[in-house]
Structure formats: structure tokens, C-alpha cells
Amino acid sequence: MIHSLFIINNSGDIFMEKHYKSVIHRNICDYFFEALGKCAKPEDIPAVISTPHHKLIVIYRKKLFFVSVVVNEVSPLFVIEILHRAVDIFEDYFNDCTEFTLKENFVIVYELLDEMLDNGFPLATESNILKELIKPPNIFRKVANMVTGDSNLSSTLPTVQLSNIPWRRQGIKYTNNEAYFDCIEEIDAIIDKNGSTIMCEVQGYIDCCVKLSGMPDLTLCFTNPRLLDDVSFHPCVRFKRWESEKILSFVPPDGNFRLISYHIESLNSVSIPIYLKHNIQFKEGSNGRFEVTFGLRPGLGKSVENVQLNAEMPKCVLNMSLTPTQGRYTFDAVKKTLVWEIGRIDPSKIPSIRGNITVSNGSPLPESNPPLHLNFQVNQFAISGIKFGRLDVYGEKYKPFKGVKYLTRAGKIQVRT
């Protein structure tokens, strides 16, 4: 499976490496750096990089590259899932996964990697099991370990290691029993210059924070479950019942976890919450023109927040002198990037930005106008139309407090001009 793992920062420094089967020299990462040099953005790095004797499988999260080295034939998606799970565990332990936090908890990171993978194969990837094996760091434990010389490793095996429910331990007790569900959806879309949607997809997931005593058995219903077609489940979900009844039945892990992820294609009936009117012109030997106006789709009924517009201008552009009616803009003359931060859109006051584009003399004009990229979010709104029905608790006598939150935000939305 995984022979070696290298963690690399944005500057190209390999600040952490872990070898499982045999030591592979870090020179193997030269193939990764070569592929990265051909990418315009770090997010564009290929997931699989071929070398003469190895395969590099890469993910990019939290401004860090996680590069795994494999020798034998293996499913790339399997390795990618393991790498994402490792990042999730680091975030759960340290509340973040940055270069600083990983270096600050150097020993615990290596202990986690040792327990998660045995000889390169996944062994313990559930947070509850790992927290019984390796205690999460805190100030008091660090001081005690420095005084006594102990480590965070437990001397006993986890109670759920051999259980048929390895994601939940026995004897959990809470004074207040609570269950919170966050339905978060991201829109990926391409819009042509006439405002018509060429492509629209929704990536969604349901994140849970469950703090319930004992061993509860939950069932979660949706009012329109047929919308969920391409779905990925947490291991706690009973798949047969979902197939037959479209009901999520599960014994939840304790704490935070992702219940399901789903992907919805070809949403012809879904309209993006905001639209643009744009006019971008380049004229040789004189100033060009840049005008963009935002608008809200009628009938939305929700406020659109954290709105931002990004554009990568052509190399012939020297400067941009614009006047926004709301928010502020910045133009990087070196990178040729325009960023307009709008914030919250008031339906009674439509934001716009307009002004001149300074073009260098003698430079060829661009063959096409640059695309615009949008960012926004809408609270308490699911663009796919998915809605929670009811949550029932079996096996326990208490009635928990239940909370649901919806969030729609932009993923990769490109508006062609």
C-alpha cells in the first residue's frame, strides 16, 4: 500500500516524512516539484504522478501537500481517502492542520501515523479508537509528560477495537444530550456571457455533532430523499435500509463526524442565487472599459453574504481605475488579478463597479475577455432543495435537543464574458 508519506509546505520544504516499509529517499519528490511547476495554482496539482518505479498520490489541503509513495498496484481513490482521513484526524486533535501545528505536535503526529497505518495498510482510522490509544494534547498533559517523562500513548487497548461498532465506545454520558446537523452544499457552475447556465453541479455533505449518552440508535428521514442519488456514507450507516426505504439508520460516533457526502448533477431547475451583467472591452492605444453589476434572483428570500468577484486580467493590462458602489477592490499589477470584495448584498441596493482599463501600447489585445469567478454564501438555504424530515432516537429514554443548519456557498463558479 503506502510505502512513504511526505508532507510539503507551499514553499517546497519537506518538513515531515514517514516511511512504513522501506526508506525512499526524498529525491522522489523531484517528480512532484516538476509537476507542480507546470500548474498555475497549487490546487491544479495532478492527483497521481507517475515515476519510473513508483506512483505519487497527492492531495492539497490547508496549504499543505500530502505526497504518498506507492510501489504496487493500488486504487488511487483508496489512498486519497486515507490521506484525507489523516488530515481530518489532525484537525480533530489539534483544531487545525497547518505547518505550525504539525511541528508543534511532532511526536503525536508520528504516533497517529503509526497507529493509523500498519506496514502501510489502514488499521485504526476512527477518531474514537485513536483517542483511546493516543490522548489528545493539552497544556496540563504536556506539563505532566515533561515532569514524569510519560508519553500520550495509552497502556491499554481501546475497548471498541474488537467491537462491531468500532466508531463508538461504551459508557458515554452527557448532562445535556444534543444532536446537531449541518447541511452544506457547494455549487460548481459555468455561465455563458448571455447569463445561461451551461453546467451546474452540487457537492453536498452533512456534518454532525452528536453528544448523546449511552448507545442510541438514530433514524434520520428526508422529505425528498430521491434527490440524493450519488451518495457516500459513513461506515455507521446501514446501507440496506437506505436502499429499501431511503432512511438513514445508524449508531452515531461520539462527537463530530461526516454522515454522508453527495453529488447532484444536471440541475437544470436550479438557478444560482446571484447573476451578473458585464461589459468588458479592450481598445488598442486607448483605455478599455470594465463594468460589472450584480443582481439577486427573484424569489430567493434569503440574504447573500460574503460576495466576492475575482478576475485574472490579460498581461497587456497595466492598471485598472475602478469605482465600486459597495465594498472595495484591489488590483495586483504584477499578478494581473482583480479582487472585488462586496460583502452582503442588500436587495434594495444593487452593487456595481465600473471604470477604465489601462492597456500597454504595442501589446497585442487578448483574443477573448477574461472569465469572472464568484464567491458567496447563503445561510439557511439548500440550493438542491433537500430538507430534513424527522430524527428519531431508539434504545434510550431521553429526548435530545436537535438542531439543523443549512448553508449554500460557491464552489467553482465561472462566468464567461
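Just above, that's the structure.
This one's a predicted model, so the numbers in the text were calculated from it and none came from an experiment.

**Quick look at the sheet that holds strand E2 (residues 14-19)**
If you trace the 5 strands from one edge of the open sheet to the other, you get E2-E1-E5-E4-E3, paired in antiparallel fashion. Each having just a single partner strand, E2 and strand E3 (48-50) make up the two edges of the open sheet. For this sheet the average axis-to-axis angle between neighbouring strands, irrespective of direction, equals 20°. Strand direction decides the pairing type here: E3 and strand E4 (residues 55-61), joined by 3 bridges, are antiparallel. The partner of Ile49 across the bridge, within E4, is Leu56. Strands strand E1 (2-9) and E2 of the sheet are contacted by helix H4 (residues 106-116), whose axis makes an angle of about 35° with E2.

**With respect to the side chain of Thr408**
Structurally, Thr408 can be placed in strand E23 (residues 401-415). Here the side chain of Thr408 touches Ile383 through a polar contact of 3.2 Å, landing on its backbone nitrogen.

**Regarding the sheet that holds strand E14 (residues 274-281)**
Strand order in the open sheet formed by 4 strands is E14-E15-E20-E17, and the pairing between neighbours is antiparallel. Each of the sheet's edge strands pairs with one partner strand only, and the pair in question is E14 and strand E17 (317-324). Going across the sheet, the axis of each strand differs from the next one's by a mean of 15°, ignoring polarity.

**Considerations on the nonpolar core**
Nonpolar side chains in soluble globular proteins generally cluster together in the buried interior. If you look at the biggest cluster of nonpolar residues, it comprises 73 residues, and the most contacted ones within it are Phe250, Leu259, Phe290, Phe294 and Phe376. Per-element tally for this core: the top contributor is strand E8 (residues 178-191), with 6 residues. Excluding residues that lie within four positions of it along the chain, Phe294 makes contacts with Ile274, Tyr275, Leu276, Val307, Leu309, Trp340, Ile342, Ile345, Ile350, Pro351 and Leu374. By size, the runner-up hydrophobic cluster in this structure holds 36 residues, among which are Val74, Phe90, Cys97 and Ile108.

**What about the pattern of salt bridges?**
Under the definition given, this model contains 16 salt bridges. The shortest N-O distance in the salt bridge between Glu91 and Arg61 comes to 3.4 Å. Placement of the pair is Glu91 in helix H2 (residues 76-94) and Arg61 in strand E4, with a sequence separation of 30 residues. Its salt-bridge partner being Asp92, residue Lys131 comes within 3.2 Å of it at the nearest N-O pair. With a gap of 39 residues between them, Lys131 in helix H5 (residues 127-133) and Asp92 in helix H2 connect regions that are remote in the sequence. A residue is classified by how much of its surface remains accessible, and Lys131, at 31% relative accessible area, is partly exposed. Residue Asp92 is classed as partly exposed on the basis of its relative accessible area of 28%.

**So, the pairing of strand E13 (residues 255-264)**
Within E13, 7 of the 10 residues are buried, leaving the element largely enclosed by the surrounding structure. Relative to E13, strand E9 (residues 197-211) runs antiparallel, the two sharing 9 bridges. When the sheet's bridge partners are listed, Cys209 is paired in E13 with Asn256.

**As for the environment of Phe290**
Considering the arrangement of structural elements, one finds Phe290 in strand E15 (residues 288-296). Between the C-alpha atom of Phe290 and that of Ile165, which follows or precedes it by 125 residues, the distance is 59 Å. Non-local contacts of Phe290, meaning those with residues more than four positions away in its chain, are made with Asn279, Ile280, Met313, Met320, Leu322, Leu338, Ile353, Arg354, Gly355, Ile357 and Leu372.

**As for the packing of aromatic side chains**
Tallied over the entire structure, the rule returns 14 aromatic pairs. Relative to Phe94, the ring of Tyr93 lies with its centre 6.1 Å away and its plane at 65°, an arrangement referred to as edge-to-face. Each member of the pair, Tyr93 as well as Phe94, is classed as buried. Chaining the aromatic ring pairs together yields one cluster made of Phe181, Phe222, Phe233, Phe239, Trp242, Phe388 and Tyr406. Positioned above the aromatic ring of Tyr20 is the side chain of Lys18, whose terminal nitrogen or guanidinium carbon lies 5.6 Å from the ring centre.

About the criteria used
- Residues numbered from 1 in each chain as written.
- Predicted model: local features only at pLDDT ≥ 70, side-chain atom pairs only at ≥ 80, totals over all residues.
- Heavy atoms only, no water.
- Pairing = 2+ DSSP bridges.
- Helix = DSSP H or I, 4+ residues; strand = E, 2+ residues; numbered from the N terminus.
- Axes fitted to C-alpha atoms, helices over the stretch in contact; angles between N-to-C directions.
- Contact = heavy atoms within 4.5 Å.
- Polar contact = N/O pair within 3.5 Å; in protein donor to acceptor, adjacent residues only side chain to side chain.
- Core = buried A, V, L, I, M, F, W, Y, C linked by side-chain atoms within 4.5 Å.
- Buried < 20%, exposed > 50% of the residue type's maximum accessible area, 1.4 Å probe, protein only.
- Salt bridge = Lys/Arg side-chain N within 4 Å of Asp/Glu carboxyl O.
- Phe/Tyr/Trp six-rings, centres within 6.5 Å; stacked < 30°, edge-to-face > 60°.
- Lys NZ or Arg CZ within 6 Å of the ring centre and 35° of its normal.

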